[in-house]
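Chains, contacts and geometry: an overview
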Amino acid sequence: MQEKYIPAEVEAAAQIHWQKTAAARAVEDAARPKYYCLSMFPYPSGKLHMGHVRNYTIGDVLARFQRMQGFNVLQPMGWDAFGMPAENAAIANRVAPAGWTRQNIADMKKQLQALGLSLDWARELATCTPEYYRWEQWLFTRLFEKGLIYKKLGTVNWDPVDQTVLANEQVIDGRGWRSGALVEKREIPMYYMRITAYAEELLAGLETLSGWPEQVKRMQKNWIGKSVGVRLAFPYTLEGEAKKLWVFTTRADTLMGVTFVAVAAEHPLALHAARKNPELAAFIEECRQGSVAEADLATMEKKGMPTGLTVRHPLTGAEIPLWVGNYVLMGYGEGAVMAVPAHDERDFAFAQKYALPIRQVIAAEGEQFSLEHWQDWYADKTRAFCVHSGKYDGLNHAAAVDAIAADLEAQGLGEKKTQFRLRDWGISRQRYWGCPIPILHCEHCGDVPVPDDQLPVRLPEAVTLTGAGSPLARMPEFYATTCPRCGKAARRETDTMDTFVESSWYFLRYACPDNHSAMLDERVNYWLRDGVDQYIGGIEHAILHLLYARFFHKLIRDVGLPGVKLPDEPFRNLLPQGMVIAPAFYRDSGDNTKEWFNPAGLDLILDERGRTIGATLKADGQPVTVGGMEKMSKSKNNGVDPQQFIDLHGADTARLFMMFAAPPEQSLEWSDAGVEGASRFLRRVWRMVFEHVNAVAGAGHAALPDLAHVRAWLETQPARKDLRRKLHQTIAKVADDYGRRQQFNTAVAAVMELLNACDKVDRSTPGSPETLALTQEILEAVVLMLFPIVPHIAQSLYAALKPGADATRAAFPKVDESALAQDEIELMLQVAGKLRGSFKVAATADKAAIEAAALATEAAQKFLEGRPPKKVVVVPGRLVNIVP
RNA sequence: GCGCAGGUGGCGAAACAGGUAGACGCACUGGAUUUAGAUUCCAGCGCCGCAAGGCGUAAGGGUUCAAAUCCCUUCCUGCGCACCA
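The following refers to the structure shown. The residue count restarts for each chain, going from 1 along the sequence in the order it is written. Written order determines the labels here, with chains lettered from A and ligands numbered from 1. Residue-level local features of this predicted model are given only where pLDDT is at least 70; pairs of side-chain atoms are given and counted only at 80 or more, and the full residue set underlies all totals for whole chains, interfaces and linings. With hydrogens and water set aside, each side-chain value is computed from the structure's full complement of heavy atoms.

Glancing now at the overall build of chain A. Scanning chain A for helices and strands turns up 28 helices and 37 strands. Dimensions along the principal axes, computed over C-alpha positions, put chain A at roughly 110 × 85 × 65 Å. A simple rule labels every residue: compare its accessible area, found with a 1.4 Å probe on the protein chains alone, to the largest value its type can have, and call it buried under 20%, exposed over 50%, or partly exposed in between. Looking at chain A residue by residue over its 884 residues, the buried ones come to 51%. Counting every atom, chain A has about 40,000 Å² of accessible surface; 51% of that belongs to carbon and sulfur. Residues scored as charged are limited to Lys and Arg (positive) and Asp and Glu (negative), so that His and the chain ends carry no count. Working definition for charges: the position is that of NZ of Lys, CZ of Arg, CG of Asp or CD of Glu. Of the side-chain charges in chain A, 100 are positive and 106 negative, and the distance between the mean point of each set is 1 Å. Secondary structure counts use DSSP, requiring at least four H or I residues in a row for a helix and at least two E residues in a row for a strand, with both numbered from the N terminus. Here the Shrake-Rupley method, with its probe set to 1.4 Å, supplies the accessible areas, and only the displayed protein chains count as covering residues.

Dropping the structure here:
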């Protein structure tokens, strides 16, 4: 064994060994329990970032631990390869998105391999290949025929200068990111997936996901947003014709307090009124400006204008003014809302602004209604009741809703209805680099799904991108075709699918990526028998991706594939991982923008306590401003390049630092000093093994004594007996941290503590065959306990400790229960809840004996001053609290 | 704006079921080894205080024998908001 730890050599050797032995290859084996460990696949942006390293290290730690526990582990990897960055790169660098993406995949694969992840590369897939997306198209046609995909108008961001649809991300302060033009909302036909048809099941399914964090389930529940309310109509007459304006409300009990009704700017009624009202037309035009992002809509100033039209109150028949409001969304519900200013904050602010009447219809016992103090008790459904509401006066919330709904229903003006906040999923994108939507438009037959024998609809790869619309729409060789039903000329759909569609089912395809005749086959039944065992990925995916994937999984289950049986939920356990953050440094550029500097190009100025109080740019020696901790990103230029880092310190150091610095779900602060600590620890373990191996060789014993002999010897060696207890306590703790708690930082800390204890004892007594045997037991366990996190160095050290042994095939160390037994334990002594000392009792002592021992302590005597205690609380195994 | 998290020494964090606050690591200080540096080793390290002791988990209040942990109010930070992935 070499004295010096050289990560590059150790890691290369281990990786070659794993490759030769196909250590990570996953093969179906009905006789063995499986463990499917899945990390969210990356977008091939070109370079791995630290968020990836963290994500995949967590996955690898769990995969390796579960292998040591005897499971048949599948840990696959692939590429979420369609998306906008490839198009942006294509425009900027005049390279085709396909080639750019493939090169990035090749580069990133090398980086992933350098990390020593135990991935089964034989199952690698990329979503931009026809072998993958053809099945997505195939499924699309099935869903289209079942009515689970349909067409309707949807609102998008339109850049009037670049003549293109923009993603929300491309709209900055209401303007197009390239053109700077004011963005407009525009309605275009799009295909939608009927996720609302699964709303109930998606909601109910959350209850079965015991392996998901409550936080994520709550977010999904609120996102689905089931509410029971009343759909009701305000009748009106337009050009002599009787019509109804429908709205939905969860507070029908406030119906008598309605003082106006508001519709969206795009609502037909608003457009009708605007024809004769130029001022209103101008306002509607103004409402068209800005992005469609909900956060923008919700934070903008609420504005409105009367249409001059009125609707009638459904119960009283009173005339109610109809307004246009910029906060009412056309694509949401009915595109109209009833307003009760007295009992809704947003309506209240709107009414104040435009001097609209405010009418109290809810009161509570002992509460005075005022415009400042009604929110406090309005929502308190146990106390509030109707007032100024005619026959409904005195009814509480539920009774009033029932009565009002019944009266509305009798007149055909409303009914109780369950509504979801969840909206159907618009999947059409007017972009090139995505999966083509397999639809043909025929003048005679309408929208016709592409027949199976014409699938896949291949995305042409030789294209020129201009930034204005999709090149597919300019390629007759792509879109010109004939209708499979009538044989006449037809036009192929040129929109592509939302890339969320590809990422909604890739985890199923890993089971059988080589099947060219079916989407999935019976291998799925093995790997997904009860779903993916562990899914790991960024918390930012808590709602959208995870909800879409759950939905898609159920769609595939219900379409039914021959020989395939899917569980109801795809992901049994979910571990959402926090971000990697680092300090960001900048200079103000004067024009309200900031120039960000990478820490690699800076000299940091530290105060006497080691805090960063300033920094200068190496290039010019001038100061830069120290910003806060930010997510590592291109825009803040605060990223650390994983590859450079691995070249410098090794993959194991990177993995150890990432696992030790914070628990997986928390954000992780990058720190060069912390990395130094991780590196130091690995050198220390290496040195301890080196010294031990040399000591064993130098002692020249024929063989180290066996366990029975060592146990007997320990009875005469209390310090070493304690050390062996500590070893087995540590094994129990580390196994629990890996398996149940998934807290790797405390697992590492426990091993460090064990080594600290080991060092202390060792120095106090000389070596002997028994000592060496105990140290051997400890070091073997330490190396195996660390193996999931730092597999390369552990591979080397295990072979050094046990020549010929392969750590990759080793089982996780077992706890020796007999080593855990303890004769005497220490308890804390509290007086009036304050810690005043401690005392020892026999481990078998009962409550009475513990209490007696506590009262006999000097500290207790001092505080009691001879008086009997008022109360004594005994918590066995922990403490005694004496209340004098 | 709405939804969901989080806030503990100089720093990253630990405290798992309401029961020893600060494990483990970093930084720092003192010492040893070394030609020097790096490395390594030993000791110290929440705040105030000579000490006894007191105070201390964002702020304020409450429940309890006992609160970082439970409840209420406020403040701050992060994530998501449907076309970034």
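Further notes follow.
Time to look at the protein's contact with RNA strand B. Residues in close proximity to RNA strand B total 72 residues, the closest being Arg218, Arg431, Lys733, Arg741 and Asn881. Each atom of RNA strand B within 4 Å of the protein belongs either to a base or to sugar and phosphate, the latter forming 66%. Measuring from a base nitrogen of RNA strand B, one finds a backbone N or O atom of arginine 423 at 3.0 Å. Within 3.5 Å is the distance limit for a polar contact, defined as a pair of N or O atoms, with the added protein rule that one can donate a hydrogen and the other accept it, and that residues adjacent in sequence qualify only through two side-chain atoms. Serine 428 places a polar main-chain atom, nitrogen or oxygen, 3.4 Å from a base nitrogen of RNA strand B. Definition of nearness: a residue and a molecule or strand are near each other if at least one heavy atom of the residue lies within 4 Å of the molecule or strand.

So, about the sheet that holds strand β22 (residues 446-449). Sheet architecture is open: 4 strands sit in the order β22-β21-β24-β23, paired in antiparallel fashion. Edge strands, defined here as strands with exactly one partner in the open sheet, are β22 and β23 (480-482). Averaged over neighbouring strand pairs, the angle between their axes works out to 40° when direction is ignored. Pairing of β23 with strand β24 (residues 489-492), which is carried by 3 bridges, proceeds in the antiparallel orientation. When the bridges of β24 are listed, threonine 482 appears paired with alanine 489. Strand contacts of helix α5 (residues 130-145): β21 (439-442) and β22, with the helix running at about 130° to β22, the strand carrying the most contacts. Any two strands are treated as partners once DSSP identifies two or more bridges connecting them. As a rule, the C-alpha atoms of each element are fitted with a line to give its axis, helices using only the stretch in contact, and angles between N-to-C directions run from 0 to 180 degrees. Residue contacts are defined here by distance: any two heavy atoms, one from each residue, within 4.5 Å place the two residues in contact.

How two helices sit against one another is set out by the angle between their axes and by the gap between those axes. The N-to-C vectors of helix α22 (residues 718-741) and helix α24 (residues 769-786) enclose an angle of 10°; their axes lie 11 Å apart at closest approach. The angle between the axes of α22 and α24 places the two elements in the roughly parallel class. Between α22 and α24 lies a crossing of left-handed hand. Contacts from Arg720, Leu723, Arg724, Leu727, His728, Thr730, Ile731, Val734 and Tyr738 in α22 reach Thr771, Leu774, Glu777, Ile778, Ala781, Met785 and Leu786 in α24. Considering only residue class, the contact of α22 with α24 consists of 10 nonpolar, 3 polar and 3 charged. Geometric relationships in this document are graded by angle, where less than 35 degrees denotes roughly parallel, more than 145 denotes roughly antiparallel, 65 to 115 denotes roughly perpendicular, and other angles denote oblique. What makes a crossing left-handed is the near helix being turned counterclockwise from the far one by less than a right angle; a clockwise turn instead makes it right-handed. Here the nonpolar group is Ala, Val, Leu, Ile, Met, Phe, Trp, Tyr, Cys and Pro; Asp, Glu, Lys and Arg are the charged ones; every other residue, Gly included, is treated as polar.

All right, on to helix α11 (residues 345-354) then. An α-helical segment advances 3.6 residues per turn. Residues three or four places apart therefore align on the same side. Listing the buried residues of α11 in full gives Asp347, Phe348, Phe350 and Ala351. Down the axis of α11, the smallest arc covering the buried residues is 165°, so these residues share one side. Next to the buried residues of α11 lie β12 (260-263), β13 (304-312), β14 (319-325) and β15 (336-339). The opening residue of α11 is aspartate 344, an N-cap whose side-chain oxygen sits 3.0 Å from the backbone nitrogen of arginine 346. Trailing α11 by a residue or two, alanine 355 shows a phi angle of about 55°, which is positive. Note that the arc is defined by the directions from the helix axis to the C-beta atoms.

For the rest of this paragraph, the subject is the pattern of salt bridges. For this document, the term salt bridge refers to a Lys or Arg side-chain nitrogen within 4 Å of an Asp or Glu carboxyl oxygen. Applying the stated rule across the entire model yields 45 salt bridges. The partner of lysine 391 in a salt bridge is aspartate 407, with the nearest N and O atoms 2.7 Å apart. Taken together, the residues span a long stretch of sequence, with lysine 391 in the loop between β17 (384-386) and α13 (397-410) and aspartate 407 in helix α13 at a distance of 16 residues. Linking arginine 572 and aspartate 533 is a salt bridge whose minimum nitrogen-to-oxygen distance equals 2.9 Å. In this pair, arginine 572 is assigned in the loop between α17 (544-559) and β27 (574-577) and aspartate 533 in the loop between α16 (523-527) and β26 (534-538), connecting sequence segments 39 residues apart. Given the relative accessible area of 35%, arginine 572 is considered partly exposed. When salt bridges that share partners are traced, they join Glu201, Arg550, Lys554, Arg557, Asp558, Asp568 and Glu569 into one network.

Right, let's get into the sheet that holds strand β2 (residues 72-74). A sheet is described by the order of its strands in space; here 4 strands give the open sequence β2-β1-β26-β27, paired in parallel fashion. Each of the sheet's edge strands pairs with one partner strand only, and the pair in question is β2 and β27. On average, each strand axis in the sheet is inclined to that of its neighbour by 15°, with strand direction left out of account. Strand contacts of helix α2 (residues 50-68): β1 (34-39), β2, β26 and β27, with the helix running at about 175° to β1, the strand carrying the most contacts.

Among buried residues, those of type Ala, Val, Leu, Ile, Met, Phe, Trp, Tyr and Cys that are joined through side-chain atoms within 4.5 Å constitute a nonpolar core. Judged by nonpolar contacts, the single largest core of 177 residues is most densely connected at Tyr506, Phe507 and Ile556. Sequence-distant contacts of phenylalanine 507, defined by excluding residues within four places in its chain, comprise Tyr36, Leu38, Leu528, Val532, Ala549, His553, Pro570 and Phe571. Ranked by size, the runner-up nonpolar core spans 43 residues in total, among them Trp246, Leu269, Ile284 and Leu322.

What a helix is expected to span follows from its residue count: subtract one and scale by 1.5 Å. Over its 28 residues, helix α20 (residues 672-699) extends 41 Å from the first C-alpha to the last, a length consistent with the 40 Å expected when each residue adds 1.5 Å. All buried positions along α20 are accounted for by Val675, Ala678, Ser679, Phe681, Leu682, Arg684, Val685, Trp686, Met688, Val689, Phe690 and His692. At the C-terminal side of α20, glycine 700 shows a positive phi close to 65°.

All right, on to the side chain of glutamate 780 then. Within the element layout of this structure, glutamate 780 appears in helix α24. Salt bridges are absent for the buried glutamate 780, whose nearest opposite-charge side chain, lysine 802, sits at 4.2 Å. Contacts of glutamate 780, omitting those with residues within four sequence positions, involve Tyr798, Leu801 and Lys802.

Next up on the list: the pairing of β12. Alternating positions in β12 separate into two faces, Phe260 and Ala262 on one and Val261 and Val263 on the other, with burial throughout. Bridge count for β12 against β15 is 4 bridges, and the pairing is antiparallel. Counterpart to valine 263 in the pairing with β15 is alanine 336. Here 3 bridges tie β12 to β14, and the two strands are oriented parallel to one another. Directly across from valine 263, in β14, lies its bridge partner valine 324.

Right, let's get into the packing of helix α19 (residues 651-661) against α20. The N-to-C vectors of α19 and α20 enclose an angle of 115°; their axes lie 9 Å apart at closest approach. Relative to α20, α19 is oriented so that their crossing is right-handed. Contacts between α19 and α20 involve Asp652, Thr653, Leu656 and Phe657 from the first element and Gly674, Val675, Ala678, Ser679, Phe681 and Leu682 from the second. Partitioned by chemical class, the residues of the contact of α19 with α20 number 6 nonpolar, 3 polar and 1 charged.

On to the pairing of β22, then. Two elements, β21 and β22, share 4 bridges in a ladder whose sense is antiparallel. Within β22, the position partnered with isoleucine 439 by the bridge is proline 449. As consecutive antiparallel partners, β21 and β22 are separated by 3 residues.

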